[in-house]
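If you want the building blocks of each chain, they are given just below.
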Amino acid sequence: MSVKQEFDEAATSYKKAFKQLQVISREFIWGRTITFALLLILLIGTDVLLFASIGGILLASVFLFLSNRDQVNERKKNLQRNLWELNEEEQQRLDGTLESVHTGDEYLDVGHPFAQDLDIFGKNSLFASVNRSYLRSSRRKLAELLTSPVDLRQVEARQVAIQELKDNREWRQSLQATLRSLSSEKVNEEALPENLKSLPGSRLASWLAVFLGLSTLIVLILISTSMVPSLAAWIMVFINLLVLLYFNLRLQNQALKTDHLQKFLVAFLQALRIISEGEFKSPSLIKLQSYIGTRAIKEIGILRQVVFLLDSRTNILWPLINVVLLIDLHTFSLLQKWIQRNEGQFQRWLQCVNEFEALCSMATFADVNVDFTIPVLTEDKMMWTGTRVGHPLIPSSERVTNDFDLHQPINLVTGSNMSGKSTFLRTIGLNSVMAWVGLPVCAHHLKCSKFTIYTSMRTQDDLSSGTSSFYAELKRIRGLFDLEEASKDTVLFLLDEILKGTNSQDRHSGAQGIITRLLGKDAVGFISTHDLALADEYEAHEHVKNYSFNSQLVKDRLEFDYQLRPGKCQNTNASILMKQLNIID
């Protein structure tokens, strides 16, 4: 069975379960409606107090029981719906029809050594292909993982973790489906730790709440026995209102915003439970899981209850209860104690969930790309050898692969227009990035060293700063030499259409100078160019190797095979293309 068929079968199963739970949900609605109607009839139409009291208690208990079971059923129903939609989305990804994909544009730094040129972020990017995270902080974590290669031991441990999560689709999807319910919520979980820290509290508030609450209850009891006049109750209410007003004025501006927070904490608590109950073998997953203990689950449960009290302030009966028992003060006091008990811990628990969700995204990417392989990483220098290496962001039905072994520090790639030079450079760069962040690569086999990757491929002019595209490229190349001096690892450079913004003579002499300087550095890489004379000059050089992509004219039509060949390009096609477009005769 293909991966697509597996997702189709799972989606069908979860959809069926969702429909069954929908039926049960309607039954609970009818049950509550009938119970409530019977309760009203009993209270209105029965004169026997004892019978009305016993019957009312029984019917109210049934109503509460049905409401509780309905809430449990609703959570199950939402989970099944999320699992159904999640598997349907994976089918759409495989078909290339998924529209609502998070591109990660907000994480793109145009000054990054390779992120822009290698399509790490943006539409049809690596991030868009990998990401299945629903928490914004998890997406940020994934962006960090994709742009920050780690050392050999760390990436090998991550490979093992990703492989284990890949093989445990059921557990992985249960976590993803739980967090999926938060995708449309307005809670900014990244700001929660700071909001919690900034919320003030007061020991006086807690003591006043206890003292005044008890005093008010005692006064009410005394009034019921006619021991004190009813005026005493109004005096206590007035005092309570003054105290509530005083503290609310102090707390209002910094009070924790609880809109949508209750739903977030319910899902977050369930995610913590799923992580804590997971059975892992990977040392890195076990270590990550250890940050989630019984304390985390208990404390988030308490916070959820406190937030429930804060949310209840909008209830129509809340002012009546609050003015007697001063629950607002108790609630703020409970929240302050929670903050003091868990200072710094919430951030740690959130980061743990973020990393698990980011790793699950990477594991799902590995799961659906069955033709990708786990690369072999080495501490050897200047190693890059691969067979059937392709561009991972091109659909498999359109992808053309090449074999490549790195033999020389500088590799000149010439070729006719649209023959595949730029795609090949991106293929080398993107697979190198994926290998050293722990992802499987688009190749039958790949073994590579750790490189500091640097690209100059999409330089553009900037009218706001008066920078031409040529000058922007020069600045980018200057950055390559700066990086080489600072980097501890060998630099892998990818320079596409080098010095394309100047005349042919300057381009030729400038490229020579750059190559000469690079030969004296701890750097290896690829330079693509249309300058065939440049390729001629380095044909016999011991540290420079020529490669090319070529096209063929078949029946007045250009054909490309996108195959890398040794040696310089043997044909050009610019004039042919211009003739085909009726630009020239």
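Worth saying up front: this structure is predicted, and the values here are computed from it rather than measured.

S.K.: Could you give me a rundown of the sheet that holds strand 8 (residues 523-529), with the residues and numbers involved?
M.R.: With mixed pairing, 6 strands are arranged side by side in an open sheet as 6-7-8-4-9-12. Edge positions in the open sheet fall to strand 6 (452-456) and strand 12 (565-566), since each of these has one partner strand only. The pairing of strand 6 with strand 7 (residues 491-495) spans 5 bridges and is parallel. Residue pairing across strands places T452 opposite V491, the latter belonging to strand 7.

S.K.: An account of the pattern of salt bridges is requested, with residue identities and associated values reported.
M.R.: Under the counting rule described, the total for this entry stands at 20 salt bridges. Close ionic contact of E89 with R180 constitutes a salt bridge, the shortest N to O distance being 3.1 Å. In this pair, E89 sits in helix 2 (residues 49-95) while R180 sits in helix 6 (residues 169-180), placing the two residues 91 residues apart along the sequence. In this structure, the salt-bridge partner of E90 is R132, at a minimum N-O distance of 2.9 Å. One end of the pair, E90, is in helix 2; the other, R132, is in the loop between helix 3 (126-130) and helix 4 (136-147), and 42 residues separate them in sequence. In this structure, E90 and R132 share a single accessibility class: buried. Among the charged side chains, a salt-bridge network with shared partners connects E6, R169, R172 and D367.

S.K.: Please provide a residue-by-residue account of the sheet that holds strand 2 (residues 384-389), values included.
M.R.: Taken in spatial order, the 4 strands line up as 1-5-2-3 in an open sheet, and their pairing is mixed. One side of each edge strand has no neighbouring strand; the edge strands of this open sheet are strand 1 (376-378) and strand 3 (402-405). Here the average twist between neighbouring strands, direction ignored, is 15°. Here strand 2 pairs with strand 5 (residues 445-449) via 4 bridges, running antiparallel. Each bridged residue has a counterpart across the sheet, and for W384 the counterpart in strand 5 is C448. Seen against the sheet, helix 16 (residues 421-435) touches strand 1, strand 2, strand 3 and strand 5 and runs at an angle of roughly 110° to strand 2.

S.K.: Before we move on, could you go through a nonpolar patch on the surface and cite the residues and values that matter?
M.R.: A surface patch of nonpolar side chains, amounting to about 650 Å² of accessible area, comprises L231, W234, I235, F238, I239 and L242. Judged by relative accessible area, L231 falls into the exposed class, the value being 54%.

S.K.: Which residues make up the side chain of S548, and what values go with them?
M.R.: Tracing the backbone through its elements, the reader meets S548 in strand 9 (residues 544-549). Note on S548: relative accessible area 1%, which makes it buried. Engagement of the side chain of S548 in a polar contact is seen with the side chain of N550, the distance being 3.3 Å. Reaching out from S548, the side chain makes a polar contact with the backbone oxygen of G567 at a distance of 3.0 Å. Those residues within four positions of S548 in sequence are excluded, and the remaining contacts are T414, Q563, L564, R565, P566, G567, K568 and C569.

S.K.: Pulling in residues and values, what's your account of the nonpolar core?
M.R.: One finds I120 and F526 to be the most contacted residues of the largest nonpolar core, which totals 94 residues. Broken down by element, the residue count for this core peaks at 13 residues, all from helix 15 (residues 345-368). If you look at the next biggest cluster of nonpolar residues, it comprises 20 residues, including L480, V491, L495 and I498.

Procedures and definitions
- Residues numbered from 1 in each chain as written.
- Predicted model: local features only at pLDDT ≥ 70, side-chain atom pairs only at ≥ 80, totals over all residues.
- Heavy atoms only, no water.
- Pairing = 2+ DSSP bridges.
- Helix = DSSP H or I, 4+ residues; strand = E, 2+ residues; numbered from the N terminus.
- Salt bridge = Lys/Arg side-chain N within 4 Å of Asp/Glu carboxyl O.
- Buried < 20%, exposed > 50% of the residue type's maximum accessible area, 1.4 Å probe, protein only.
- Axes fitted to C-alpha atoms, helices over the stretch in contact; angles between N-to-C directions.
- Contact = heavy atoms within 4.5 Å.
- Patch = residues over 30% accessible without salt bridge, like charges linked within 9 Å, V, L, I, M, F, W, Y side chains within 5 Å.
- Areas by Shrake-Rupley, 256 points an atom, 1.4 Å probe, with all protein chains shown as cover.
- Polar contact = N/O pair within 3.5 Å; in protein donor to acceptor, adjacent residues only side chain to side chain.
- Core = buried A, V, L, I, M, F, W, Y, C linked by side-chain atoms within 4.5 Å.

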